[in-house]
Structures are given as structure tokens and as C-alpha cells.
Amino acid sequence: MIARLTSTIAAVAIAAGAWSFALSTPANAAGEEIEIPSHDWSFKGPFGTYDRGALQRGFQIYKNVCASCHALNYVAYRNLEHFGYNEDEVKAIAAEATVIDGPNDEGEMFERPGKPSDRFVAPFANDKAARAANGGAFPPDLSMIVKARPDGANYVRSLLLGYVDPPADFKMMEGMNYNAYFGGHQIAMAKPLYGDDVTYEDGTPTSIEQEAEDVVTFLAWASEPEMEERKRAGVMTLLFLLVFTGLLYATKRKIWADVH
Amino acid sequence: MAANFSNPVVRWIDHRLPIFTFLHHEAHEYPTPKNLSYWWNFGSLAGIALVIMIVTGITLAMHYTPHVDYAFSSVERIMRDVNFGWLIRYIHMNGASFFFIVVYIHIFRGLYYGSYKAPREILWMLGVVIMLLMMATAFMGYVLPWGQMSFWGATVITNLFSAIPLIGDPIVTWLWGGFSVDNPTLNRFFSLHFLLPFVIVGVVILHIVALHRFGSNNPLGIDVKGQKDTIPFHPYYTIKDAFGLGVFLIFFAAFVFFAPNYMGHPDNYIPANPLSTPAHIVPEWYFLPFYAILRAIPDKLGGVLFMFGSIAVLFVLPWLDRSPVRSGQFRPIFKIFFWILLVDVVFLTWLGGKPAEGTYVILARFATAYYFIHFLVVLPALSIFETPKPLPKSISEPVLGAGGGFAGATAAPREKV
């Protein structure tokens, strides 16, 4: 009985392994394979959480560097409470933004300070304006950038650190920048981080690696704000299921005792 | 036959509407072969997966907006702003994959143990219908989040119909409700994605009716000879299915909570953009073997025909494999070819995820050819040339060992009912 059970489970595991092997298809199979270095993230693994300091610092980088071109349309100011900011701090952060609201009773649009319930105010009025201001290239919304790219966190970090000198024979198009990790190596975005781009409120040294790690942690949170809750619920669910399934197995053995 | 219910209310209702007698008959005392292995768990698991999909799907539909301008945002709002929306969506998203995993194992179990053979041909064919309906449902469901893969997957697959001679293009226009995949397409896909699961429920009921006509096949593939070969469904198989469900949920929860996007494609978190084609348009993993067959054939119409043919061949399987022996356990050569077929299908799955170029296409052609050879040449030939091993006289004989010393034990369960 147990032998048959284990052989069944083994067979299922082998089948699952075969499937997952069949599925492990690199996304950019056609062009050149670009190896993306892995980084040790605070949010990796089944118990990983977003480092709160990194979230606050990463938000500072986003606000001071990225936000001049990239929107964050799916994140609201109220979501920042997750970083450990209290209600008043969130209100203050939201109020720094100017929101165009309306129409009012006179039929006019008007400006007002942001509220915690507002979503992050986008840098451009629309996509066309965004393109016009960026030489025709559209700076994508960053709300989901980490889950919308294969191996997203490592990819975005590599990209931010990947502005190196092009190989001598590399033909560069007008207005493009060389990046070691971008597909095709020509990216419209100019090198965004140099190190010492901001002064961190918590005094952490602002090396380019530190800045990249912080802003990617922030963007990973923006992509999957539910991750910590999800993993916590997952641990509870699995513990329950393991015990419950064990009990079901014992019951099954008892009921079947007189059959075998 | 009519069960003796002690509860007077149940008795009163049952006298007028014999629903309790029916359930007692079909889900309680229903005689089931006593030697079913854990491979027989996957039927009930598939049923449970269907229920999980319908419950989460209806909940998602309460928050989803089927419009090209809002669909993507509404899904992201479900993930971020609806209470436990992320959980409901991830269950639904991964549930589709797990539904297919369970059903594919269920199908391969049927293939190995000859569950498609007389008198279970219609049972098998209804199963193939369910699989087709599942594929249609899953395909349309994948379009709803309106990400890049949603849009381009829909474009590629609906375009297949343009391969039909003469009326192909009008049919595609009719399917789209316009001249490209657009809002009318999304709307009708949503409507059909909501409808089809209930059609599946209907066919599942027929599948169970056909199953209960002759009862389950079993690992030995021989007919039940009498009461000593069977045990009542409840409590024996209810508890065994419950335990199997527990194991299933452990795997399922591991994905939902810890790798929810592992089986999805990152491009589907980019909003649909008709002006920008992804470098590689790949369907969900469960379509990859069929996608590989489609692309293996150099001609568009030919590819479509072979792809649908790979499923159509399953419909006539009961008449291709004429061997009177059901179970692969007693078919030494069939057994080898069964495993080769399994490897072939896994290989096709892998190829389906690769770009259609160079060696991949050549390999896909061989794998496709082998798939059809298995069903159209190997199985009919084996029915003639293979000498099966001798079959046991009855189910209880091998279970009890040659002596049959435990004869009393088999009678006991019936008395307890």
C-alpha cells in the first residue's frame, strides 16, 4: 500500500519534473541569449519580505529619478502605509503631488493637492506627450515592470547597472544608449543612476549598487504588493494541508484495513 | 434497493422525489472495483478542479470589466484592491493549469489501462468532448486579462480558421465581430468563457452516467465478476479521493502562494498593444504539444488539420486498438509504446515552447509523425501481432494471492453498508 502510494507520488513528481523541464523555455530564444546575473533579494524565497528600509529608500529614488518620466499608475499613495509610514506621513507625501480634478460646479477643471486615495500622479498627460518629451520613445509604466519581464527583479537591476561602454565595432543609432542587458543593447533611456543621485534620509551610503537594489525592491513591491500577505497565508495553508492530509491518510488506512 | 433512511423528513421527500435513493445508489453503495490504484483519483480531482474554477470564475466576473479599455486595469484592480482578489485570481489562473495537469494524467491513465475499450467507448468519447470544451474555455479565458499574450494569442489562434478554403476569411471576420481582434471579440469571449464551463458540467454529468453504466475500469482491465470483486464507493473511495484531494491541494497551494506566475507568461502583464508584436507568441503550456504539431506542418491548412486531427484520432481510438486485453499490464509490447508516446508528447510540449525555426521544426515533424503513427499504425498492428500475458481469473484472485485465504475479508465490507 505505502509502496504503491510512494511509487504513484514518485511517478507524479517525475511527470511534474518533465513538464517543468518542458516549460523552462527562455523568453528570448531567437536573438542572443543575455545572461542576467542573480542578486540576493530580501524578498526572495518562501519567507522573504520586502526590506522596509529598502522600500523607503527605493521610493525616494523613484520619486527623485524615475518619476520624471515613468508613471506608476496602479499604485496609490495610501499603499505607502505598507512601508511603515503613518497616516499623517502618507497624507504629507500625497499632498506633495498636484492632482487635476473636476469638473467643478462651474464646469472647470481645477488643481488640488493629492490625497492618500489618489493614484500616483503620472509625469505626462498622455502617451503622446510622454513620447514627445522623450524623443519618440515611450517610458513604460513601472507598476508591473518586475512581473512583466522574465526574472524581472534581476533584469531591472542589471539594466540599471548595465550602462557600459559599447564594444569598439558596435554601431549605435542616433540618441540611443548602449546597455549590456537590454535586448539588442540599444536603449532610449539615458543612464538613470550614477550613484549619489539622492541623499538618503536614513544615511545609507548612496552607491549606484545600493540605489539600484533599493529602487528594484520598491518596484518589486509595486508589482506584487500582496506578496508578503500571500506568502504568510501560504505557509499557514500548507501547514494546515499537511496535517489535514496526514489525518485523511490515517483515516483512509483505517477504513481500508479490512480490504487489503 | 430503496435505502432505508431513518430521518422522517428525508423519507418523506424521498418517497416523492427519490433524490436520496439516487444518491445512495450512485455515490454510496455504488459497487466499485476494489483494486483501483491512485491513478483512479484523477477523475474526481478533475471534477473538483472544475468546481474550483467555476466558483473563483464567478467571483472574478463580479469584478472584471470586459472592455478593451478597462479589462487589463480591472484585472489589476482585482489583484490590488479587491479583498483577497489576488488569491481568487491566482487560484483561477493556476487552477486552469492544474485542471489540465489532472485531466492529462486522467487521459494517460485511460490510455494505459485501455479504459476506452468496450463497453466504455462513449464514456471515452465524452471525455474527449470535455477536453475540447476545456481547451476552448481556457483559450478564451486567457484572452480576458487583455495583456500582450492574450491579444496576440487570440489573433494567432482565430486566424487559424482563415486556412479553411473559400469561406476561411469570412469565418474569421465573423468570429472577431470585426476586422481584427477588438472589443467585440473580447465581449463574446467573455460571454462564452462564462457559458462553456456549464456546458462542461453537463457533459461531465453524461460522462458519469456512462461511467456508472458499467462501473470503473481497473488496473487489471478485467471485468468485475461479482460482489467479491467490488467494494461500495462510500466510505472506501470517498476517503481515498479525499486523501488524494489533500495531496493535490498541497501541490496546488504551493504554486498559488509561492510561484503564482511560474506557469504564466510575463508578457501578459503588459497591456495589449495591437501595434507591437511580441518576439515569440507562445500559448499557455497546456496547448504547447498541439501548437508544436500546428507549426510542424509547412502548410497552414495542413497544420490546422493535423492539430485538430491529433484530437480527432482520440475519438476513434476504441476502434484503432482492437486488442481484447484492456490493461497495459498484460501487454508487454503495448506498454513500451505507451511510454514512448508519453515521452513524445512531453517532447512536443517542449518543442511547442521553442521558436519555430531550424532543428526545432525538424524535430517537431518527427515527433508529430510519431504521435500519429502510434495511434494509426502501432496500435492497430499490436492488436494483431502482440501476444498478451495470461489474464487473472478475477480481481480478487491477484488481490488476495493465489490461496484466497482472506475470503472473509471481502464479504465484510458489504455487510457494513
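Residues numbered from 1 in each chain as written. Chains lettered and ligands numbered in written order. Predicted model: local features only at pLDDT ≥ 70, side-chain atom pairs only at ≥ 80, totals over all residues. Heavy atoms only, no water.

J.: Give a description of the overall build of chain B that names residues and reports values.
T.: Tallying secondary structure elements over chain B gives 17 helices and 2 strands in all. If you line up chain B on its principal axes, its C-alpha atoms span 75 × 60 × 40 Å. Split into buried and exposed, the 417 residues of chain B put 53% on the buried side. Counted over contacts in chain B with a minimum sequence separation of 6, partners at least 24 positions apart contribute 80%. Accessible surface computed for chain B: about 18,600 Å², of which carbon and sulfur atoms make up 72%. In chain B, 26 positive and 21 negative side-chain charges are present, and the distance between their average locations comes to 8 Å. (Helix = DSSP H or I, 4+ residues; strand = E, 2+ residues; numbered from the N terminus. Buried < 20%, exposed > 50% of the residue type's maximum accessible area, 1.4 Å probe, protein only. Contact = heavy atoms within 4.5 Å. Areas by Shrake-Rupley, 256 points an atom, 1.4 Å probe, with all protein chains shown as cover. Lys, Arg positive; Asp, Glu negative; His and termini not counted. Charge placed at Lys NZ, Arg CZ, Asp CG, Glu CD.)

J.: Explain the packing of aromatic side chains residue by residue, including any values.
T.: Tallied over the entire structure, the rule returns 53 aromatic pairs over all chains. With centroids separated by 5.2 Å and ring planes inclined at 50°, the aromatic side chains of Tyr64 of chain B and Phe190 of chain B adopt a geometry described as tilted. Of the two residues, Tyr64 of chain B sits in the loop between helix H3 (42-61) and helix H4 (71-80) while Phe190 of chain B sits in helix H9 (residues 183-214), which places them 126 residues apart along the sequence. A centroid spacing of 5.9 Å and a plane angle of 80° characterise the contact between Phe98 of chain B and Phe248 of chain B, whose relative ring orientation is edge-to-face. Residue Phe98 of chain B is located in helix H5 (residues 85-112), and its partner Phe248 of chain B is located in helix H10 (residues 233-258); the two are separated by 150 residues in the primary sequence. Neither residue differs from the other here; Phe98 of chain B and Phe248 of chain B are each classed as buried. In this structure an aromatic cluster arises from ring pairing among Phe59, Tyr62, Tyr77, Phe83, Tyr85, Phe120, Phe218 and Trp221 of chain A. In this structure, Lys191 of chain A packs its charged tip against the face of Tyr194 of chain A, placed 5.1 Å from the ring centre. (Phe/Tyr/Trp six-rings, centres within 6.5 Å; stacked < 30°, edge-to-face > 60°. Lys NZ or Arg CZ within 6 Å of the ring centre and 35° of its normal.)

J.: I'd like a description of the domain arrangement of chain A, backed by residues and values.
T.: Per the domain assignment, the segments of chain A are domain 1 (2-71 + 126-225), domain 2 (76-118) and domain 3 (226-260). Taking the mean C-alpha position of each, domain 2 of chain A and domain 3 of chain A sit 46 Å from one another. (Domains from an automatic or database assignment.)

J.: Tell me what's going on with the side chain of Glu284 of chain B, and back it up with residues and numbers.
T.: Mapped onto the secondary structure, Glu284 of chain B falls in the loop between H10 and helix H11 (288-296). When sequence neighbours within four positions are dropped, the list of residues in contact with Glu284 of chain B reads Tyr142, Met263 and Gly264 of chain B.

J.: An account of the confidence of the model for chain B is needed here, citing residue identities and associated values.
T.: Residues and elements named next belong to chain B. Looking at chain B as a whole, its pLDDT mean stands at 93, while 94% of the residues score no less than 70. Counting interchain partners and residues more than four positions distant, the pLDDT-below-50 stretch residues 402-417 has 19 contacts. We note a pTM of 0.91 for the whole complex and an ipTM of 0.90 for its interfaces. (pLDDT = per-residue confidence, 0-100.)

J.: Describe a negative patch on the surface, listing the residues and the values that go with them.
T.: A contiguous patch of negative charge, built from Glu81, Glu87, Asp88 and Glu89 of chain A, is present on the exposed surface. In this fold, Glu87 of chain A is placed in helix H3 (residues 87-95). (Patch = residues over 30% accessible without salt bridge, like charges linked within 9 Å, V, L, I, M, F, W, Y side chains within 5 Å. Salt bridge = Lys/Arg side-chain N within 4 Å of Asp/Glu carboxyl O.)

J.: Give a description of the side chain of Glu121 of chain B that names residues and reports values.
T.: All names here are of chain B. Here Glu121 is to be found in helix H6 (residues 121-143). With no salt bridge to any partner, buried Glu121 finds its closest opposite charge in Arg322, at an N-O distance of 7.9 Å. In this structure Glu121 touches Tyr116, Pro318 and Trp319, once residues within four positions along its chain are discounted.

J.: Let's hear about the interface of chain A and chain B: which residues, and what values?
T.: Opposite the 52 residues of chain A that make contact, chain B presents 55 residues. In total, chain A and chain B occlude about 4,800 Å² of area from one another, counting both sides; carbon and sulfur atoms represent 73% of this. Our count for the contact surface shared by chain A and chain B stands at 3 salt bridges. With its nearest N and O atoms 3.4 Å apart, the salt bridge here joins Glu76 of chain B to Lys147 of chain A. (Buried area = accessible area lost by both parts, 1.4 Å probe.)

J.: Account for unusual backbone geometry, naming residues and giving values.
T.: Working note: non-glycine residues mostly have negative phi, and peptide bonds are mostly trans. Between Gly102 of chain A and Pro103 of chain A the backbone carries a cis peptide bond, its omega angle lying at 0°. Cis geometry marks the peptide bond from Ala118 of chain B to Pro119 of chain B; its omega dihedral reads 5°. Here Phe84 of chain B, not a glycine, exhibits a phi torsion of approximately 55°, which is positive. Mapping Phe84 of chain B onto the fold places it in the loop between H4 and H5. We classify Phe84 of chain B as partly exposed; its relative accessible area is 48%. One non-glycine residue, Trp146 of chain B, lies in positive phi territory at about 55°. You can see Trp146 of chain B is positioned in the loop between H6 and helix H7 (148-159).

J.: A description of the nonpolar core should follow, citing residues and the corresponding values.
T.: In this structure, Tyr104, Leu111, Tyr371 and Phe375 of chain B are the most contacted members of the largest nonpolar core, which totals 122 residues. In terms of residue count, H5 of chain B provides more of this core than any other element does, 16 residues in total. If near-sequence neighbours (up to four positions away) are discounted, Tyr371 of chain B is found in contact with Ser310, Val313, Leu314, Leu341, Asp344, Val345 and Leu348 of chain B. In this structure, Phe59, Tyr77, Tyr155 and Met227 of chain A belong to the second largest nonpolar core, which totals 43 residues. (Core = buried A, V, L, I, M, F, W, Y, C linked by side-chain atoms within 4.5 Å.)

J.: With reference to specific residues and values, describe the pattern of salt bridges.
T.: Going through the model one piece at a time under the given rule, you end up with 18 salt bridges over all chains. Ionic pairing is found between Arg230 of chain A and Glu226 of chain A, a salt bridge with its closest N-O pair at 2.6 Å. One exposure class covers both Arg230 of chain A and Glu226 of chain A, and it is buried. Taking the shortest distance from any N to any O, the salt bridge between Glu386 of chain B and Arg331 of chain B comes out at 2.8 Å. With a gap of 55 residues between them, Glu386 of chain B in the loop between helix H15 (359-385) and helix H16 (396-400) and Arg331 of chain B in the loop between helix H13 (317-320) and helix H14 (332-352) connect regions that are remote in the sequence. Taking the relative accessible area as the measure of exposure, Glu386 of chain B reaches 8% and is therefore buried. On the basis of relative accessible area, Arg331 of chain B is assigned to the buried category, the value being 0%.

J.: Break down empty space enclosed by the protein for me, with residues and values.
T.: Residue and element names in this part refer to chain B. One pass over the full model with this rule turns up 6 cavities of 30 Å³ or more. A volume near 810 Å³ is recorded for the largest cavity. Met53, His92, Gly141, Tyr142 and His193 are the residues nearest the centre of the largest cavity, which is lined by 40 residues in total. Elements with a minimum of two residues in the lining of the largest cavity: H3, H4, H5, H6 and H9. (1 Å grid on protein atoms, 1.4 Å probe; cavity = no way out; pocket = protein on both sides within 12 Å on 5 of 7 lines; lining within 4 Å. Points joined across faces, edges and corners; volume = space filled by probe spheres on them.)

J.: Explain H14 of chain B to me, using residue names and the numbers behind them.
T.: The end-to-end C-alpha distance of H14 of chain B is 31 Å, a good match for the 30 Å that 21 residues give at a rise of 1.5 Å each. Buried within H14 of chain B we find Phe334, Phe338, Leu341, Asp344, Val345, Val346, Leu348, Thr349, Trp350, Leu351 and Gly352 of chain B. (Expected span 1.5 Å × (residues − 1).)

J.: Lay out the state of the cysteines with the relevant residues and their values.
T.: Formally, a disulfide is one covalent bond, and it connects the sulfur atom of one cysteine to the sulfur atom of another. Scanning all chains against the criterion turns up 0 disulfides over all chains. Among the cysteines around Cys66 of chain A, which has no disulfide bond, Cys69 of chain A carries the closest sulfur, lying 9.2 Å off. (Disulfide = S-S within 2.5 Å.)

J.: Tell me what's going on with the layout of surface pockets, and back it up with residues and numbers.
T.: All names here are of chain B. Empty space within the second largest pocket amounts to approximately 1,400 Å³. Every residue lining the second largest pocket is counted, 47 residues in all, and those nearest its centre are Gly43, Ser44, His207, Ile208 and Leu211. Looking at the lining of the second largest pocket, the elements with two or more residues in it are helix H2 (19-28), H3, H5, H6, H9 and H10. The greatest single-element share of the lining of the second largest pocket, amounting to 8 residues, is contributed by H9. By residue class, the composition of the lining of the second largest pocket is 28 nonpolar, 14 polar and 5 charged. (Nonpolar A, V, L, I, M, F, W, Y, C, P; charged D, E, K, R; others polar.)

J.: Report on the environment of Asp81 of chain B, specifying residues and quantitative values.
T.: If you trace the backbone, Asp81 of chain B turns up in the loop between H4 and H5. A relative accessible area of 25% places Asp81 of chain B in the partly exposed class. Here Asp81 of chain B is in contact with Arg78 and Arg119 of chain A, once residues within four sequence places are set aside. Within the structure, Asp81 of chain B has its side chain in polar contact with the side chain of Arg119 of chain A (distance 2.5 Å). (Polar contact = N/O pair within 3.5 Å; in protein donor to acceptor, adjacent residues only side chain to side chain.)

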